[in-house]
Amino acid sequence: MGIVLDQSEIERSLKRIAHEIIERNHGLDSVILLGIPTRGVTMAHRIGALLGLIEKAVPVGTLDITMFRDDLRLRPPRALLPTQIPAGGLEGRDLVLVDDVLFSGRTIRAALDAIGELGRPNSVQLAVLIDRGHRKLPIRADYVGKNIPTNLRENVKVQLLEIDGNDRVEVSL
Amino acid sequence: MRGSHLLSIADLSRLEVLEVLDTARELARITDGGIRKLPTLRGRTVVNLFFEDSTRTRLSFEAAAKRLSAEIINFSAKGSSVSKGESLKDTAQTLEAMGAELMIIRHSASGAALRLAESGWVKSHIVNAGDGMHEHPTQALLDAYSMREHFPEHDRDFSGLRVGIVGDILHSRVARSNVLLLTTLGAQVVLIAPPTLLPIAIDQWPVEVSYNLDSEIRSLDAIMMLRVQAERMKDAFFPSEREYARDYGLVGARLKELKESAIIMHPGPMNRGLEISAQSADCRQSVILEQVANGVLVRMAVLYLLMGGAPIPTGGMLI
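Numbers given to residues run from 1 along each chain, matching the order in which its sequence is written. To read the labels, note that chains go from A and ligands from 1, taken in the order they are written. Under the rules for a predicted model, residues below a pLDDT of 70 receive no local features and side-chain atom pairs below 80 are neither given nor counted, while totals for whole chains, interfaces and linings still include all residues. Side-chain measures were taken over the full set of non-hydrogen atoms in the model, leaving aside hydrogen atoms and water.

### Focus on the overall build of chain A
Right, so step 1: Put simply, DSSP marks the helices as runs of H or I at least four residues long and the strands as runs of E at least two long, and each gets a number from the N terminus on. When helices and strands are counted, chain A shows 4 helices and 8 strands.
Right, so step 2: Atoms counted for the radius of gyration: C-alpha only. Globule rule: 2.2 Å times residue count to the power 0.38. Against the 2.2 N^0.38 benchmark of 16 Å for 173 residues, chain A shows a C-alpha radius of gyration of 16 Å, consistent with a compact globule.
Right, so step 3: Dimensions along the principal axes, computed over C-alpha positions, put chain A at roughly 45 × 40 × 30 Å.
Right, so step 4: Summary of the burial criterion: residues with accessible area below 20% of their type's maximum are buried, those above 50% are exposed, and those between are partly exposed, where the area comes from a 1.4 Å probe applied to protein chains only. Counting the 173 residues in chain A, one finds 51% classified as buried.
Right, so step 5: Contact between two residues is taken to exist if any of their heavy atoms lie within 4.5 Å; hydrogens are not considered. Expressed as a percentage of contacts within chain A between residues at least 6 apart in sequence, the contacts between residues at least 24 apart total 69%.
Right, so step 6: Just so you have it, chain A exposes about 8,200 Å², and 49% of that area is on carbon and sulfur atoms.
Right, so step 7: For chain A, the distance from the average site of its 23 positive side-chain charges to the average site of its 23 negative ones is 5 Å. For the area figures, the Shrake-Rupley method with a 1.4 Å probe applies, and any residue is considered shielded solely by the protein chains shown. Counted charges follow a simple rule, with Lys and Arg positive, Asp and Glu negative, and His plus the chain ends left uncounted. By convention, the charge on Lys lies at NZ, on Arg at CZ, on Asp at CG and on Glu at CD.

Given below as structure tokens:
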């Protein structure tokens, strides 16, 4: 299938998501972004920068969900990735989780469990760049860059400038 | 870590050591972020198999296992069937029959953990929590973790750091594990002790040796005071406690000789007034309580890396 999003399309998607976040939450007073490593963190920082340009800066943090996964025993132990919870915590905030691809929903379930240990946000919302379908849990995204119907054998690869040197989303077999 | 046991620091490569320390650091961030309990080992059983007295190591492993949601069974030889003559083999097999998947063993015999791991008596992961006068790997890992937090410019490489280990080297498994680990990370180690408390063949170790604390103290970035192990001192290793404290204790005015940036470490339990004065133990440069807190993190990392992932196919060898 090749490239499904190029650099300008990714930029446009993130801008739209930023606007939608402001709209949905009636401003940004209570909003906090938490990116899921690795590329969700980059996205969260980009959305955070856009929110700063459009309206005002919001806290941006990182949440590694490895220790909350339900499939740990299927693979060798994974290295843990950074976690950085913004000072002030999550209590009463409108929390937007940010990840690159939404697939089975298991990562998000793990993230919800982790958030449950951290406190009680007023709401938890989900922003993803790509929703590729095939959910195995009752989870949906509130903000989606692009819906891409895929089959299970296909591979969705998100590349971001800060990590991969260029911005694009590819689907391959 | 590649293997299914943690028996000796000698089995770990530099990268494996850094893997444990990095994992512990991320666990610290998760904990600092407010997550106190992780579901990672839910439903798994860990046994503390302690044939020798311990407070902090046993409690530290217990806290680590609980924070990862594992079940922990505490076994101590005192008041158990060991006093009726039950062997290590039968004890371990009994505990495994109760569902244990990982055994943390402390024993007064050097090599006890290795024996348990290699004998085929049990399938469990084995973690050495101190075997006789041989090794205490998790102590060395937590010491390295504590040093790393204080010397950020040496995050992945300890070369240029000079670490003094002072006191009863002869009986100390902490010293043995630390020498192996610190030299693996590139630090320069100097052992400071009276000749009677140094093991024979010390010249084979990759360390410097000194009998004089006062001539070394100004050069150290970290000073690790070892406990004078009264229970292993059946012979007269030094003339009197007062003389030992005067020559080898971090006591009195000697504290002022330390570099401003140097840190004071002690694996505990301390004999205040003997190898370390109360003033040294409680001063700004002391990291002794940090070592205790870091111990829980490092042990969580070890438990996670050994048993958090997919089971290693049978026949998995030592690390």
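### Details of the interface of chain B and chain A
Right, so step 1: On the side of chain A, 20 residues touch chain B, which itself brings 22 residues to the contact.
Right, so step 2: When two parts are put together, the accessible area they lose, computed with a 1.4 Å probe and summed over both, is reported as buried area. A combined buried area of about 1,800 Å² lies between chain B and chain A, and 64% of that area is made up of carbon and sulfur atoms.
Right, so step 3: When the buried surface of chain B facing chain A is broken down by residue, Glu26, Ile35 and Tyr304 of chain B rank first, second and third, together holding 29% of it.
Right, so step 4: A carboxyl oxygen of Asp or Glu within 4 Å of a side-chain nitrogen of Lys or Arg is what we treat as a salt bridge. At the junction of chain B and chain A, the tally comes to 0 salt bridges.

### Details of helix α1 (residues 7-24) of chain A
Right, so step 1: Here, expected helix span is obtained from the residue count minus one, scaled by 1.5 Å. Given a rise of 1.5 Å per residue, 18 residues ought to cover 26 Å, and the 26 Å separating the end C-alpha atoms of α1 of chain A matches this to within 8%.
Right, so step 2: Among the residues making up α1 of chain A, those that are buried are Ile10, Ser13, Leu14, Ile17, Ala18, Ile21 and Ile22 of chain A.

### Quick notes on the environment of Ser172 of chain B
All names here are of chain B.
Right, so step 1: Along the chain, Ser172 falls in the loop between β5 (162-166) and α6 (173-184).
Right, so step 2: Expressed as a C-alpha distance, the spacing of Ser172 and Leu198, which sit 26 residues apart in the sequence, is 9.7 Å.
Right, so step 3: Dropping the residues within four chain positions of it, Ser172 is found in contact with Leu226 and Gln229.
Right, so step 4: A polar side-chain atom of Ser172 sits 3.3 Å from the main-chain amide nitrogen of Val174. Within 3.5 Å is the distance limit for a polar contact, defined as a pair of N or O atoms, with the added protein rule that one can donate a hydrogen and the other accept it, and that residues adjacent in sequence qualify only through two side-chain atoms.

### Some points on the packing of aromatic side chains
All names here are of chain B.
Right, so step 1: The aromatic pairing rule takes the rings of Phe, Tyr and Trp, using the six-membered ring of Trp, and pairs them if the centres are within 6.5 Å, calling planes under 30 degrees apart stacked, those over 60 edge-to-face and the rest tilted. Taken as a whole, this structure holds 3 aromatic pairs over all chains when the rule is applied.
Right, so step 2: Each ring, one from Phe51 and one from Phe75, has its centre 5.6 Å from the other, and the planes form 55°; the classification is tilted. Within this pair, whereas Phe51 is found in the loop between β1 (45-50) and α2 (56-67), its partner Phe75 is found in strand β2 (residues 71-76), the two being separated by 24 residues in sequence.
Right, so step 3: Judged by relative accessible area, which is 17%, Phe51 ranks as buried.

### Let's talk about the pattern of salt bridges
Residues and elements named next belong to chain B.
Right, so step 1: Within the structure shown, the criterion is met by 32 salt bridges over all chains.
Right, so step 2: In this structure, the salt-bridge partner of Asp22 is Arg156, at a minimum N-O distance of 3.0 Å. In this pair, Asp22 is assigned in helix α1 (residues 14-32) and Arg156 in the loop between α5 (137-150) and β5, connecting sequence segments 134 residues apart.
Right, so step 3: For Asp22, a relative accessible area of 24% puts it in the partly exposed group.
Right, so step 4: The partly exposed category is assigned to Arg156, whose relative accessible area is 40%.
Right, so step 5: Each of Asp22, Arg25, Arg148, Glu149, Asp155 and Arg156 takes part in one network of salt bridges that share partners.

### Structural notes on the sheet that holds strand β4 (residues 125-131) of chain B
Residue and element names in this part refer to chain B.
Right, so step 1: Any two strands with at least two DSSP-identified bridges between them are counted as paired. Strand order across the open sheet formed by 4 strands is β2-β1-β3-β4, with parallel pairing between neighbours. Edge positions in the sheet fall to β2 and β4, since each has one partner strand and no second. Going from strand to strand, the sheet's axes swing by 15° on average, the running direction of each strand aside.
Right, so step 2: Note that β1 and β2 share 6 bridges and pair parallel. Across the sheet, residue Leu49 finds its bridge partner in β2, namely Phe75.
Right, so step 3: In this analysis, axes come from line fits to C-alpha atoms, helices being fitted only over the stretch in contact, and the angle between any two N-to-C directions falls in the range 0 to 180 degrees. Lying on the sheet, α2 is in contact with β1, β2, β3 (102-107) and β4; it crosses β2 at an angle near 165°.

### Some points on the nonpolar core
The tendency in soluble globular proteins is for nonpolar side chains to be buried as a group.
Right, so step 1: Counting 119 residues, the largest nonpolar core has Leu63 of chain A together with Leu141, Leu191 and Ile223 of chain B as the members making the most contacts within it.
Right, so step 2: Per-element tally for this core: the top contributor is helix α10 (residues 288-307) of chain B, with 12 residues.
Right, so step 3: Both of domain 1 (9-136 + 293-307) and domain 2 (139-289) of chain B provide at least three residues apiece to this core. Nonpolar cores were defined as sets of buried Ala, Val, Leu, Ile, Met, Phe, Trp, Tyr and Cys residues, with membership established by side-chain atoms within 4.5 Å. An automatic or database domain assignment supplies the residue ranges for each domain.

### Let's talk about the domain arrangement of chain B
Residue and element names in this part refer to chain B.
Right, so step 1: Looking at chain B, the domain boundaries give domain 1 (9-136 + 293-307) and domain 2 (139-289).
Right, so step 2: Of note, the centres of domain 1 and domain 2, computed from C-alpha atoms alone, are 25 Å apart.
Right, so step 3: If you look at the interface, domain 1 gives 30 residues, while domain 2 gives 26 residues.
Right, so step 4: Interface area, domain 1 with domain 2, both sides summed: about 2,500 Å², of which 56% is carbon and sulfur.
Right, so step 5: For the domain 1 face of the interface with domain 2, the top three residues by lost area are Arg25, Met133 and His136, together amounting to 25%.
Right, so step 6: If you look at where domain 1 meets domain 2, you find 5 salt bridges.

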